[in-house]
Amino acid sequence: MKDDKMKIKWRSVLIVAVLFAIVLFFACAVRMPDLTLLQGRDGNDVWLDESGLPYFLDPDSAYYVRISKEIAETGQYGTSDPKTGQVIDTLQYAPEGTSLKGKNMLPETAAFIWKIMSVFSKVDIQFVDLYFVFFFMLLTIPVAWILTQKAYLAVSGDKKGGAFFAGAVGALLVTCAPAFVSRTLVGIFDTDMVHSFFVLLLMLLMAEIMLQTSLKKGILLAICFGVTALLYKAYWTYSALVFVVLAAAGGGVYVLSRLIMPPSKTNGAALTKPTGRFRQWLGAVPVQIYLAIVVLAGIFVATPFGRPMLTSLLGKVFGYATTDENEISGNNTIVELMAPDFGPEKFYNWFLPDVSDKSTTIVNGVGGLLILIFALASMGYIIFRVAKMRKEGKDTNRVMVYLSVIGTWLIVCFFMTKVGLRMVQFFAFPCAVLVGILAGVLFNKYITNKENISRKKMARNVVLNIAICAAVVLALIGSFLWGREIRSMMSDSLADSMEWVKENAETEDAVVLSWWDYGYYYELESEHPTLWDGGTGTAMRLNIVGRILSTDDPRLCYSLIKMISTSGDKPVDMLTDKLGKAEGFNALYKVVVMDKDDSIRALTDEYGFGGDEAAELEALLHPSEPREVYLVMYETMADQLGVFEYYGNWDYDGENIAPVKTVYTSLPDGSSDMNSTDMEAKEFFEKRTKEMLWRLYISDDTIKKSEVSDSEDDENYADEPAFKKVFEEDDGYVCFMIWKLSW
């Protein structure tokens, strides 16, 4: 008898190990881009850097790569400001830099793992960053497995083979959900990889708290929940608290359900009297712990430390909707913040991600229509089980816990997808868990009852099991396609252009100016500050850089670059604080092209600045010792000309209508993509042949100093170039061009 139990135990361990290995294999395999497909148009491989490693897939990863390198090499990140004592990042948001109030633990964890690996073998920190996503997959699989298995056991009451199958399917679909895979491929070193682990762990802990009858264990789990919440915030932002609240909301739904619809059996006695019901509800351990958590959270939010955190959180979550419609916002240019469609236009793409245009929908993101159907069917089955168990007088406590937590999670995350495309992955997680539960139920019915049921029911179970397997396979195919179709934004010409700046810049504080897309990468590879990047896109920089690129006045372009790269935000702040945004920017564009005497006269006579204040402002508008500036242009910027014009000509008092024709896919008004060979597109760009972007990149025009300054007294000076091309390279994928400004 003892030997039989040992055999069963080891057989179970072997089954779990094999299934875990299968899940891990697919979770890793779908995240490996096919580098053999990533070739330049001329046949040369432009996707490997000098060390032989693939380029990262997107510029955002470069930010965390840079931090991890600094931590690994120096043990710290950032530079201490001698005046304020604050630690700042001097490469971001030139010339001010950015404060490092809160650190993200992602690069710190990568640096820690790199140090451990370095003990055994020599490895580059960039190698760790490149494949770091596998670390979180290792953590996510057991959490997803345990959550799905526990939910399945609560729903079915089974303790046989179905539990293993449920856990494996749930973990597989969580880690391989297309919306999640698309943001966690090898070569993406960003915070998306942490979401599955922390969100699932929060849900699991909340469910376990609600199931406790021991106050000590409940308090211990509540502490674990709090620690997990703090760690999640440390790996992401204050926005992580949204999912902490979501997990707590699921617990709250269960707590209320105990009062409104108490368990059929509680310690052998049904709750019938309203007064007794309330007293017994209040005396339940989960209710006491939950109320304590709510009170502590309320006290925390009321403290001076908690209030700014809450304000920041609400601003991040609801800021897009509450912003004044005349207020310029860079979030409109980010594809991930655009609300996805429910399903694609083509029917067959309802079963796979629409990888042809790198866009996805809610249906595609969860793994296809079958996954969504089975997830909803699973939710319906759980509700049916609760109703049936209550009718039979059975204890529904465990089922109600998971119904409350997972049901709240599913519903809220569906509505959260309206916040942006990036939120689809959070909706995919509860769908995956629900499909895992249903898979376990169907598998168990087929295995345990196949000898005692009719052929008709047997056929039904077989068909449903095959359908579940088909849904999982289609989801995996979709995720594989994401990995095989992805194209890196990095290439040799980009790397070489930043290497040129690194080796040839004459001053340490030389500034790189461009649109924000590649900002993080410029900072990493050139080791020089940028005017802005993906994390520092203020309204002011959107307006000014948009005007720099789209204006047809070379003098305005030249003067704005000189001012913003050296004086930063201060002159703009002085103007807008006194005059308001609309008049302040109008005054800026008028005064910045004047000479010293005329600008002071305009500031005092027309705009009401005092003498000393006007002199201070004039010195900022026309700095006597401007920084060294490199203007970076690249091929796809020509496609964004309409967007530069849109932001550069922003009218804070009127309507800001997006250009009708542009090839920029994430235009704020939702305009569709247009092929640049289209005649309408050509006409759109040809009307703008005098704009600076066209003159510098398309027509390769020489802009002399006579066009940007008063130089009548010195003919030789007037003939010198104001913008001098110092670098150009086309690697067959994209052409990069660098112009150095001559002061």
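Residues numbered from 1 in each chain as written. Predicted model: local features only at pLDDT ≥ 70, side-chain atom pairs only at ≥ 80, totals over all residues. Heavy atoms only, no water.

Trainee: Quick question: what am I supposed to make of the overall build of the protein here?
Mentor: Within the protein one finds 30 helices and 7 strands. Here the contacts in the protein between residues at least 6 apart in sequence split such that 70% fall between residues at least 24 apart. (Helix = DSSP H or I, 4+ residues; strand = E, 2+ residues; numbered from the N terminus. Contact = heavy atoms within 4.5 Å.)

Trainee: Before we go on, may I ask you to explain the side chain of T228 in this structure?
Mentor: Inspection of the secondary structure assignment puts T228 in helix α9 (residues 215–235). A residue is classified by how much of its surface remains accessible, and T228, at 6% relative accessible area, is buried. The residues touching T228, leaving out its near neighbours within four places in the chain, are F198, L201, L202 and L205. (Buried < 20%, exposed > 50% of the residue type's maximum accessible area, 1.4 Å probe, protein only.)

Trainee: Would you mind going over the pairing of strand β5 (residues 629–634) with me for this structure?
Mentor: Regular strands place their side chains on alternate faces of the sheet. Buried residues dominate β5, accounting for 6 of its 6 residues. Residues of β5 alternate between two faces, with V629, L631 and M633 on one and Y630, V632 and Y634 on the opposite face, all of them buried. Bridge count for strand β4 (residues 511–513) against β5 is 3 bridges, and the pairing is parallel. Paired with V512 across the strands is Y630, a residue of β5. (Pairing = 2+ DSSP bridges.)

Trainee: Would you explain helix α25 (residues 596–605) in this entry?
Mentor: Burial in α25 covers these residues: S599, A602 and L603. Each buried residue of α25 lies within a common arc of 95° when the element is viewed along its axis, so the set occupies one face. Exposed side chains of α25 directed beyond 90 degrees from the buried face belong to D597 and D605. Check the buried side of α25 and you find it contacts α23 (570–579), α24 (581–591) and α26 (611–621). (Arc of directions from axis to C-beta.)

Trainee: I would appreciate a short explanation of the pairing of strand β6 (residues 723–730) in the present structure.
Mentor: Pairing of β6 with strand β7 (residues 735–741) involves 7 bridges; the strand directions are antiparallel. Along β7, the bridge assignment pairs K724 with K740.

Trainee: Would you explain the sheet that holds strand β2 (residues 87–89) in this entry?
Mentor: Think of a sheet as strands paired side by side through backbone hydrogen bonds, with each pair either parallel or antiparallel. On the basis of which strands lie adjacent, the open sheet formed by 3 strands has the order β1-β2-β3 and antiparallel pairing. In this open sheet, the two strands that pair with only one neighbour each are β1 (79–80) and β3 (98–99). The pairing of β1 with β2 spans 2 bridges and is antiparallel. Pairing of S80 across the sheet is with V87, part of β2.

Trainee: Any chance you could explain unusual backbone geometry here in plain terms?
Mentor: For residues that are not glycine, phi is negative in most cases, and the peptide bond is trans in most cases. Each neighbour pair has its own omega, and for A94 with P95 the value is 0°, a cis peptide bond. Positive phi values are uncommon outside glycine, yet Y93 reaches one of about 55°. Positionally, Y93 belongs in the loop between β2 and β3. We classify Y93 as buried; its relative accessible area is 7%. In the Ramachandran plot, E527 falls in the positive-phi region, its phi being about 60° despite a non-glycine side chain. Among the secondary structure elements, E527 is positioned in the loop between α20 (519–526) and α21 (539–550).

Trainee: Mind showing me how you'd approach the packing of aromatic side chains here?
Mentor: Aromatic rings considered in pairs are described by the distance between their centres and by the relative angle of their planes. Scanning all chains against the criterion turns up 43 aromatic pairs. On the numbers, 5.6 Å between centres and 75° between planes, the contact of F414 with F415 is edge-to-face. In this structure F415 comes out as exposed when scored by relative accessible area, which is 56%. When the ring of F585 is compared with that of Y652, the centres are 5.4 Å apart and the planes differ by 15°; the resulting orientation is stacked. A residue pair is termed long-range when its members are at least 10 positions apart, and F585 in helix α24 and Y652 in the loop between α27 (641–648) and α28 (679–686) qualify at 67 residues. Taking relative accessible area as the criterion, F585 reaches 6% and is therefore assigned buried. (Phe/Tyr/Trp six-rings, centres within 6.5 Å; stacked < 30°, edge-to-face > 60°.)

Trainee: In this structure, what is going on with the packing of α9 against helix α10 (residues 240–260)? I would like to understand it.
Mentor: What describes two packed helices is the angle between their axes and the distance between those same axes. The geometry of α9 relative to α10 is characterised by a closest axis approach of 8 Å and an angle of 155° between their N-to-C directions. In terms of axis orientation, α9 runs roughly antiparallel to α10. Crossing of α9 against α10: the hand is right-handed. Contacts between α9 and α10 involve F225, A229, Y232 and K233 from the first element and A240, F243, V244, A247 and A248 from the second. Residue composition of the contact of α9 with α10, by class: 8 nonpolar, no polar and 1 charged. (Axes fitted to C-alpha atoms, helices over the stretch in contact; angles between N-to-C directions. Parallel < 35°, antiparallel > 145°, perpendicular 65-115°, else oblique. Left-handed = near helix turned anticlockwise from the far one by under 90°. Nonpolar A, V, L, I, M, F, W, Y, C, P; charged D, E, K, R; others polar.)

Trainee: Explain the confidence of the model for the protein here, please?
Mentor: For residues with low pLDDT, the predicted coordinates do not support detailed interpretation. Confidence along the protein averages 82 in pLDDT terms, with 82% of residues attaining 70 or more. Taking the mean pLDDT of every element in the protein, the minimum, 57, falls on helix α13 (residues 306–322) and the maximum, 96, on β4. The low-confidence segment residues 660–677, where pLDDT is below 50, has 44 contacts with residues more than four positions distant or belonging to other chains. (pLDDT = per-residue confidence, 0-100.)

Trainee: What exactly am I supposed to notice about the sheet that holds β7 here?
Mentor: The strand order across the open sheet formed by 4 strands is β4-β5-β7-β6, and the pairing between neighbours is mixed. The two strands at the open ends of the sheet, each matched to only one other strand, are β4 and β6. Neighbour-to-neighbour, the strand axes of the sheet open up by a mean angle of 25°, direction not taken into account. Together, β4, β5, β6 and β7 form the strand contacts of helix α19 (residues 492–504), whose direction differs from that of β6 by roughly 140°.

Trainee: How should I be thinking about the environment of K578 in this particular structure?
Mentor: Position of K578 among the secondary structure elements: in helix α23. Take K578: its relative accessible area is 42%, and that puts it in the partly exposed class. Considering only alpha carbons, one finds K578 and F609, 31 residues apart in sequence, at a separation of 8.6 Å. For K578, the residues in contact, after removing those within four places along its chain, are Y607, G608 and F609.

Trainee: How do you make sense of the pattern of salt bridges when you look at a structure like this?
Mentor: Where charged atoms from two side chains of opposite charge come close, those side chains can pair. By the definition in use, this model includes 21 salt bridges. Between D190 and R183 there is a salt bridge whose closest N-O contact spans 3.7 Å. According to the relative accessible area criterion, R183 is buried, its value standing at 12%. Note that R695 and E707 form a salt bridge whose closest N and O atoms lie 3.1 Å from each other. (Salt bridge = Lys/Arg side-chain N within 4 Å of Asp/Glu carboxyl O.)

Trainee: So what exactly am I meant to see when it comes to helix α22 (residues 554–567) here?
Mentor: Every α-helix carries 3.6 residues per turn, so stepping three or four residues along brings you back to the same face. Counted at 1.5 Å a residue, the expected span for α22 with its 14 residues is 20 Å, and the 20 Å between its end C-alpha atoms agrees. The buried count for α22 comes to 11 of 14 residues, which makes it a mostly enclosed element. Those residues of α22 that fall on the buried side of the exposure criterion are P554, L556, C557, Y558, S559, L560, I561, M563, I564, S565 and S567. You can read the cap of α22 off the contacts: a side-chain oxygen lies 3.0 Å from the backbone nitrogen of R555, and it is on D553. Where α22 ends, the next residue or the one after it, G568, has phi of about 70°, a positive value. (Expected span 1.5 Å × (residues − 1). Polar contact = N/O pair within 3.5 Å; in protein donor to acceptor, adjacent residues only side chain to side chain.)

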